[in-house]
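Next come the chains, spelled out residue by residue.
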Amino acid sequence: QVQLVESGGGLVQPGGSLRLSCAASGSTISSWNMGWSRQAPGQQRELVAGITKDGNTNYGNSVLGRFTISRDNAKNTVYLEMNNLKPEDTAVYYCIAGSVEVSATTFNYWGQGTQITVSA
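Since the model is a prediction, treat every value here as computed from it, not as a measurement. (Residues numbered from 1 in each chain as written. Predicted model: local features only at pLDDT ≥ 70, side-chain atom pairs only at ≥ 80, totals over all residues. Heavy atoms only, no water.)

1. Side note on the environment of N76
Point 1. Tracing the backbone shows N76 in the loop between β7 (67-72) and β8 (77-82).
Point 2. Not counting chain neighbours up to four residues away, the residues in contact with N76 comprise C22, A23, A24, S25, S27, T28 and I29.
Point 3. Polar side-chain contacts of N76 include one of 2.7 Å to the backbone nitrogen of I29. (Helix = DSSP H or I, 4+ residues; strand = E, 2+ residues; numbered from the N terminus. Contact = heavy atoms within 4.5 Å. Polar contact = N/O pair within 3.5 Å; in protein donor to acceptor, adjacent residues only side chain to side chain.)

2. Observations concerning the packing of aromatic side chains
Point 1. Per the counting criterion, the structure on display carries 2 aromatic pairs.
Point 2. Taken together, a centroid distance of 5.6 Å and an interplanar angle of 75 degrees make the contact between F107 and W110 edge-to-face.
Point 3. Residue classification places F107 among the partly exposed positions, given a relative accessible area of 22%.
Point 4. Its guanidinium or amino end placed over the ring of Y94, R45 lies 4.1 Å from that ring's centre, counting from NZ or CZ. (Phe/Tyr/Trp six-rings, centres within 6.5 Å; stacked < 30°, edge-to-face > 60°. Buried < 20%, exposed > 50% of the residue type's maximum accessible area, 1.4 Å probe, protein only. Lys NZ or Arg CZ within 6 Å of the ring centre and 35° of its normal.)

Scope: geometric values only; no functional claims are made or implied.
Written out as structure tokens, the structure reads:
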């Protein structure tokens, strides 16, 4: 079983940057495909970014070129670097882990979520 704890959320102005961290315990992330999803009020959960066990990455169209996902297996942590944030990025962000490549609805474990609000 994998426990995932996100950190790094908060309030940021449009155009600003944030870095989210996801610390895993109970299992090593090298055994898992990892990712970040988000859900805004009244909207469906969407995949923000995914990274496979082999290090291959994929991104949602709305964040392509602005967000970067990475993993540090030695620290058992996954990161999401977010630049040029926009108000439409406002959502609760969840760290997810899956035995297969993750998607918005395909994952085995998820964290409690961290709120990101982009507002002037």
